[in-house]
Amino acid sequence: MGIVTVERPPSPPSPPFPTRNSPVVLPQTNNPKLPWLVQKFGGTSVGKSPLGVVEAVKYVPRACSTPTSYRRSGLIGSRKYLPTNRVAVVCSARSTESKELGTTNRLLRAAEEAVNVESTEWADIIDGIQEAHIAAARDVIRSRTMSDEFRAKLKRECEDLKGFLGAAQIISEISPKSKDVIIGVGEKLSCMFMTAVLRDRGIEAEYISLENILPAHHPSTYTTSSRALTPPFCETLTTLLESRIRLLPAHKVPVITGFFSPVPGSLLTTIGRGYTDLCAALLSVSVKAQELQVWKEVDGIFTADPRKVPAARLVPFVTPEEAAELTYYGSEVLHPLTMEQVVAVGIPVRILNVWKPSGPGTIICAKKPTKTLPLTLTPPVSDGEDDDDEYLEGEEKEKKLPTAVAMKKNIHLLTVHSNRKSLSHGFLASVFQILDQHQLTIDLISTSEVHVSLALLNTSPHAIAAAVEALETYGAVDARGGLCIVSLVGRHMKRMVGVAGRMFAALAEAGVNVEMISQGASEIGISCVVREEVAVWAVNVLHARLF
């Protein structure tokens, strides 16, 4: 592997990552003899910090300019970049100020406008997306040749999309699969952009689109009756990804679209917006990666949202079960389906900050690393038993604490009081059937034989109103909005005697009224529903008393 040192004038003091003017070490290529590392970058990382992405790919501590000194530094296990691994990059669509203004949402708006025969706004939206990528390239790509090459590819892709939307406008219809094609352009443009930036910084990157990687006709075994993906689908995509990577020249760094197609049903309805995480996870499985890194704009997973709880602390380690619970109850960690793929084969996941490539981040794996039992790059898969005690030392073994407290806003609470006209054994089945008919998902449930309280995410007020009307056949229905779920999560929760009492005592002393209580079947979380206006206060109270 060739290493070229480029000397440039001194940089300003303490930059978040080396800039154009700083002395850097540029590992130029992937070494085919090294094991794989997969790095997934979110849209905001690509949009706000493309040079941070470059540094994440090739970062080496200043004292460790060679693979040998790198290993001797003791950072093995916390730093896996080009000197010690083959790196594969997966990118989401670019985003800058917010997700609402990101490329994917703009493409969805363009799709909506295209079905209006009188609208021309969809063309303006595509032009705006093109200009945003050109402006970003102008800021960071130094080579005129590479910049011109990127602009030509960008223009062709945007012109093709305009043609596609123009055809959709003629028939005034966009199917779910057509919408997948439209949003997939966001990932394609993002990866074209990052490929050009990496090449401009001396890294031999290769753009790879996963458009049409899957067969056009899907076996019925790919999805369940509820439209969820099945293991055969994931196994097929994993095999196809492995075959695609094998076609790549061994020394190249692949920059892979997080978008893949065609998907049964559609990408958004079957998987949701976390499809790029799933792509990175399946890629990790396909190449037997030592680690999956997910780069964000935060240091990792915290004991609470640091924007709402100033005293929140970074959590160095969480189990996959804790990460899934935190994701479900409001923390943006990883798509649950993503963790299922990597956990099944023992690949650890690390959450890192693109603005601080030297930070420790948060590791997600089945076993907690300690001084006597350091993190192995491929930790053993949990056998399902709670054997974490053997990894705790000293006072930590005696003082078990929750891992984090999370909150989920925009919750609607439905309470159905049965009129007993229907048989009690069919009451709950009828309630669930009605909610399924209106595509409403239950977040929490508290029930007796003839009464049930349900906490729902209020994604569709119209659907909730229709469901309430249908539920009134079975009894009186109380419906309340403006609520929030507050959840206490931790792998030790089921053995923490009195934790529920301390939780609700703390809320009572703070004057927070609890509307509903529920404990998850996993026994690693206790949740309650409170008024949205006191939710942040409730989270701060719990963090102060229990952490």
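Before reading on, note that the structure itself is shown above.
Residues numbered from 1 in each chain as written. Predicted model: local features only at pLDDT ≥ 70, side-chain atom pairs only at ≥ 80, totals over all residues. Heavy atoms only, no water.

(A) Just the state of the cysteines, in detail. This structure, assessed with the given rule, holds zero disulfides. A disulfide-free cysteine, Cys-191 has its sulfur positioned 4.4 Å from the sulfur of Cys-91, the nearest such atom. You can call Cys-191 buried: its relative accessible area is 0%. (Disulfide = S-S within 2.5 Å. Buried < 20%, exposed > 50% of the residue type's maximum accessible area, 1.4 Å probe, protein only.)

(B) Spatial organisation of the sheet that holds strand E16 (residues 525-531). Taken in spatial order, the six strands line up as E12-E13-E11-E14-E16-E15 in an open sheet, and their pairing is antiparallel. The open sheet is flanked by strand E12 (442-447) and strand E15 (516-519), the only strands paired with a single partner. If you compare each strand with its neighbour and ignore which way they point, the axes differ by 30° on average. As paired strands, strand E11 (residues 404-418) and strand E13 (residues 451-457) are joined by seven bridges and run antiparallel to one another. Counterpart to Val-416 in the pairing with E13 is Val-452. Strands strand E14 (475-489), E15 and E16 of the sheet are contacted by helix H16 (residues 499-509), whose axis makes an angle of about 15° with E16. The sheet strands contacting helix H17 (residues 535-546) are E11, E14 and E16, and the helix crosses E11 at an angle near 120°. (Pairing = 2+ DSSP bridges. Helix = DSSP H or I, 4+ residues; strand = E, 2+ residues; numbered from the N terminus. Axes fitted to C-alpha atoms, helices over the stretch in contact; angles between N-to-C directions. Contact = heavy atoms within 4.5 Å.)

(C) Molecular detail of the packing of aromatic side chains. In total, this model carries two aromatic pairs according to the counting rule given. Both rings, one in Phe-41 and one in Trp-295, keep their centres 5.9 Å apart while their planes meet at 25°; by these two values the pair is stacked. Of the two residues, Phe-41 sits in strand E3 (residues 36-41) while Trp-295 sits in strand E7 (residues 292-296), which places them 254 residues apart along the sequence. In this pair, the class of Phe-41 matches that of Trp-295, namely buried. We note Arg-94 situated over the ring of Phe-193; from NZ or CZ to the ring centre the distance is 5.7 Å. (Phe/Tyr/Trp six-rings, centres within 6.5 Å; stacked < 30°, edge-to-face > 60°. Lys NZ or Arg CZ within 6 Å of the ring centre and 35° of its normal.)

(D) Fine view of the nonpolar core. Grouped together as the largest cluster of nonpolar side chains are 61 residues, with contacts concentrated most on Val-38, Phe-233, Phe-260, Leu-283 and Ile-364. Broken down by element, the residue count for this core peaks at seven residues, all from helix H10 (residues 275-286). Mapped onto the domain boundaries, this core takes at least three residues apiece from domain 1 (87-364) and domain 2 (404-546). With near-sequence residues (within four places) excluded, Val-38 lies in contact with Ala-88, Val-90, Ala-280, Leu-283, Ser-284, Val-287, Ala-289, Glu-291, Leu-292 and Gln-293. (Core = buried A, V, L, I, M, F, W, Y, C linked by side-chain atoms within 4.5 Å. Domains from an automatic or database assignment.)

(E) Representation of the sheet that holds E7 within the structure. With respect to topology, eight strands assemble into an open sheet ordered E5-E6-E4-E3-E7-E9-E10-E8, the strand pairing being mixed. Looking at which strands have only one partner, the edges of the open sheet turn out to be strand E5 (205-210) and strand E8 (317-318). Where strand E9 (residues 349-353) lies against strand E10 (residues 362-364), three bridges are found, and the strand directions are antiparallel. Within E10, the position partnered with Val-349 by the bridge is Ile-364.

(F) Examining the side chain of Asp-180 more closely. As for its position among the elements, Asp-180 is in helix H7 (residues 176-200). Buried and unpaired, Asp-180 has no salt bridge, with Lys-177 as the nearest side chain of opposite charge at 6.1 Å. Apart from the residues lying within four places of it in its own chain, the contact partners of Asp-180 are Phe-259, Ser-266, Leu-267 and Leu-268. (Lys, Arg positive; Asp, Glu negative; His and termini not counted. Salt bridge = Lys/Arg side-chain N within 4 Å of Asp/Glu carboxyl O.)

(G) Representation of helix H5 (residues 121-140). Taking 1.5 Å as the rise per residue, H5 with 20 residues should run 28 Å; its terminal C-alpha atoms sit 29 Å apart, in good agreement. When H5 is considered as a whole, its buried residues turn out to be Trp-122, Ala-123, Ile-125, Ile-126, Ile-129, Gln-130, His-133, Ile-134, Ala-136, Ala-137 and Val-140. Lining the buried residues of H5 we find helix H2 (50-58), helix H4 (103-114), helix H6 (144-171) and H7. (Expected span 1.5 Å × (residues − 1).)

(H) Summary view of unusual backbone geometry. In the segment running from Ser-261 into Pro-262, the intervening peptide bond is cis, with an omega of -10°. Its identity as a non-glycine residue notwithstanding, Asn-212 has a phi of 65°, on the positive side. You can see Asn-212 is positioned in the loop between E5 and helix H8 (231-246). Since its relative accessible area comes to 57%, Asn-212 is described here as exposed. Although it is not a glycine, Lys-288 adopts a positive phi angle of roughly 55°. Locating Lys-288 in the fold gives a position in the loop between H10 and E7. By relative accessible area, Lys-288 is classed as exposed at 65%.

(I) Highlighting the environment of Arg-350. Tracing the chain through its elements places Arg-350 in strand E9. For Arg-350, a relative accessible area of 5% corresponds to the buried category. Expressed as a C-alpha distance, the spacing of Arg-350 and Ile-301, which sit 49 residues apart in the sequence, is 9.9 Å. There is a polar contact of 3.0 Å between the side chain of Arg-350 and the side chain of Glu-291. (Polar contact = N/O pair within 3.5 Å; in protein donor to acceptor, adjacent residues only side chain to side chain.)

(J) Broad picture of the packing of helix H11 (residues 320-328) against helix H12 (residues 336-344). Contact geometry of H11 with H12 gives a least axis separation of 9 Å together with a crossing angle of 170°. Our classification of the angle between H11 and H12 gives roughly antiparallel. Across from Pro-320, Ala-323, Ala-324 and Thr-327 in H11, the residues of H12 making contact are Pro-336, Met-339 and Val-343. Grouping the constituent residues of the contact of H11 with H12 by class yields six nonpolar, one polar and no charged. (Parallel < 35°, antiparallel > 145°, perpendicular 65-115°, else oblique. Nonpolar A, V, L, I, M, F, W, Y, C, P; charged D, E, K, R; others polar.)

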